[in-house]
Amino acid sequence: MTIANGRSYIAIPGPSVMPDEVLQAMHRPAPDIYSKALHDTMATLLPDLKDVARTDGHAAMYIANGHGAWEAALANTVSPSDRVLVPCCGAFGHGWAEMARGIGAEVDIIEHGRQTPIDADAVRAALLADRGQTIKAVLAVHVDTSSSLRSDIAALRAVLDEVGHPALLMADCVASLGCDVFEMDAWGVDVMVTGSQKGLMVPPGMGFVFFSPRAAEVRATMPRVSRYWDWVPRSAPEAFYQYFGGTAPVQHLYGLRKALDMLKAEGMPAVWARHARLANAIWTAVDHWGQAGAMRLNVADPAHRSCAVTALALGKGQGDRLRQWCETQAGVTLGIGLGVGDPEDPTSSGYFRLGHMGHVNAHMVLGLLGVIETGLGALEIPHESGGVTAAAQHLAKLNG
Ligand SMILES: *Cc1c(COP(=O)(O)O)cnc(C)c1O
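Here the structure is a predicted model, which is why all the values come from computation and not from measurement.

Peer 1: Go over helix α2 (residues 36-53) with me, naming the residues and quoting the values.
Peer 2: In this model α2 runs 27 Å from its N-terminal to its C-terminal C-alpha over 18 residues, within 8% of the 26 Å that 1.5 Å per residue would give. Looking only at α2, the buried set comprises L38, M42, L45, L46, D48, L49, V52 and A53. For α2, the elements touching its buried residues are β2 (58-63), β9 (191-195), β10 (206-211), α8 (231-235), α9 (250-266) and α10 (268-289).

Structure, rendered in structure tokens:
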């Protein structure tokens, strides 16, 4: 007997739940790629994306996932044998570092483990030690989706300015954009990368790179940039095909147009506030359950938690059991633990993650929590019952 049939819910940290409106907007035949209507739609996308990123700088779109956006950012600014500094507090920091190695850069990693965010003091020390100022860029993941740590990006700008170091500040906002507060210009970010399938609520397949005037200057000094990754024609195309260096991903563009309309109608401050409220409800439930048994949030300090994704520990093997139960018995897919294992638990079987990015609201989050509590009970995993009630009381209080 299963109670899983009905609308399923993929609560993993990307791809996120796509709004029906977005999927319906995509469900149409390809237009003539030379039509005025398509060109007019396209002209609206970059300005609206920049509003979401909170920048007056430049933006370029790619047919790519987040890894492609990583590569695009580097391809325009970093040459083989250039140095980059990568403070890491999760698997995605290491992923971007690996991408930099792939293009021949020398990579200095600052390792913060999986429970503490990027430490601006450690970055300051590394910049001061770089007496010749050869570090070309600092690559910082805003929200590392594996650990669910959120780092203070503005603090890194402050440190670069204080030390007087010319390195570009690059931020990975694949998980955080449209969920956690992010202010590209106000925080002094030179390059920001993101993808379509998380806070932007569009299926995977588009990558975005935003860049400041100073990053554009650095690009202009590059000895060589591959034609396909070059952000110059994409951000200021003279011909329509240059937006994508070839045929545009037209259905994605229709979906993106709809998603940007939805974000615009809600307004970014309201979008951020919604994610913060829902994330707080999740943490409240987890803290409650954890009063008995092994469940705990990966990030102890609420100030360092993302409002887009939550990583949790439940004890070896139990994360996998719970995920299995929720999916097969209740139609909810939880995210796997990623890159948080240790010698005792090399596959991260005791961990899981909840994606709460993009198109999520109270009934989805309360449903998610209700299913988790039901699964904990069904599997007889020790916990303090009443987490859902605690979350509901939390939301009720906030709503006045
Ligand atoms: C998802 C994610 C990526 C990678 O995106 P892909 O589309 O899977 O290539 C990179 N960085 C962060 C922080 C992410 O959450």
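Peer 1: Give a detailed account of the sheet that holds strand β12 (residues 309-313), specifying residues and quantitative values.
Peer 2: One open sheet accounts for 5 strands, arranged β1-β13-β14-β12-β11; its pairing is mixed. At either margin of the open sheet sits one strand with a lone partner, and together these are β1 (9-11) and β11 (296-297). In the sheet, β12 pairs with strand β14 (residues 351-355) via 5 bridges, with the strands oriented antiparallel. When the bridges of β14 are listed, L312 appears paired with F352. Relative to strand β13 (residues 332-336), helix α12 (residues 362-378) is tilted by about 80°, and along the sheet it contacts β1, β13 and β14.

Peer 1: Before we move on, could you go through unusual backbone geometry and cite the residues and values that matter?
Peer 2: P15 follows G14 through a cis peptide bond whose omega is -5°. One non-glycine residue with positive phi stands out, namely S348, at about 60°. With respect to the element layout, S348 can be found in the loop between β13 and β14.

Peer 1: Give a description of the nonpolar core that names residues and reports values.
Peer 2: Membership of the largest hydrophobic core comes to 57 residues, with the highest contact counts inside it found for M42, L49, M61, F182, V189, M192 and L256. Beyond its immediate chain neighbours, meaning those up to four positions away, M61 contacts M42, L46, L49, M206, G207, F208, R234, Y243, F244 and L256. Ranked by size, the runner-up nonpolar core spans 36 residues in total, among them A285, W325, C326 and I381.

Peer 1: How would you summarise the site of the ligand if you had to cite specific residues and measurements?
Peer 2: Around the ligand, the surrounding shell holds 13 residues, and the nearest of these are H67, T145, D172, Q197 and K198. Between the ligand and the protein, one listed contact pairs an oxygen atom with a backbone N or O atom of G66 at 2.8 Å. Between an oxygen atom of the ligand and a side-chain N or O atom of T145, the distance comes to 2.4 Å. Bound to the protein, the ligand loses 90% of the 380 Å² it would expose on its own. Here the shell around the ligand gets 3 residues from one element, more than from any other, and that element is helix α3 (residues 66-75). Taken together, the residues that form the shell around the ligand break down as 6 nonpolar, 5 polar and 2 charged.

Peer 1: Which residues make up the pairing of β12, and what values go with them?
Peer 2: Of all 5 residues in β12, 5 are buried, a share of seventy percent or more. The alternating pattern of β12 places V309, A311 and A313 on one face and T310 and L312 on the opposite face, and all of these are buried. Relative to β12, β11 runs antiparallel, the two being bridged by 2 bridges. By the bridge assignment, R296 is partnered in β12 with A313.

Peer 1: Quick rundown of the pattern of salt bridges? Include the residues and the values.
Peer 2: Taken as a whole and judged by the stated rule, the model has 19 salt bridges. For R257, the salt bridge goes to D261, with nearest N and O atoms at 2.7 Å. In this pair, R257 and D261 both sit in helix α9, 4 residues apart, roughly one turn of the helix. Under the relative-accessibility criterion, R257 is labelled buried at 14%. A relative accessible area of 33% places D261 in the partly exposed class. Taking the shortest distance from any N to any O, the salt bridge between D320 and R323 comes out at 3.0 Å. Taken as a pair, D320 and R323 lie in helix α11 (residues 318-330) at a separation of 3 residues, close to a single helical turn. Overall, the relative accessible area of 30% leaves D320 in the partly exposed class. If you follow the salt bridges from partner to partner, you end up with D48, R257, D261 and K264 in one network.

Peer 1: Any details on the environment of V78? Residues and values, ideally.
Peer 2: Its place among the elements puts V78 in the loop between α3 and β3 (83-88). Those residues within four positions of V78 in sequence are excluded, and the remaining contacts are V84, I103, A105, K136 and M222.

Rules of the game
Residues numbered from 1 in each chain as written. Predicted model: local features only at pLDDT ≥ 70, side-chain atom pairs only at ≥ 80, totals over all residues. Heavy atoms only, no water. Helix = DSSP H or I, 4+ residues; strand = E, 2+ residues; numbered from the N terminus. Expected span 1.5 Å × (residues − 1). Buried < 20%, exposed > 50% of the residue type's maximum accessible area, 1.4 Å probe, protein only. Contact = heavy atoms within 4.5 Å. Pairing = 2+ DSSP bridges. Axes fitted to C-alpha atoms, helices over the stretch in contact; angles between N-to-C directions. Core = buried A, V, L, I, M, F, W, Y, C linked by side-chain atoms within 4.5 Å. Near = heavy atom within 4 Å. Polar contact = N/O pair within 3.5 Å; in protein donor to acceptor, adjacent residues only side chain to side chain. Areas by Shrake-Rupley, 256 points an atom, 1.4 Å probe, with all protein chains shown as cover. Nonpolar A, V, L, I, M, F, W, Y, C, P; charged D, E, K, R; others polar. Salt bridge = Lys/Arg side-chain N within 4 Å of Asp/Glu carboxyl O.

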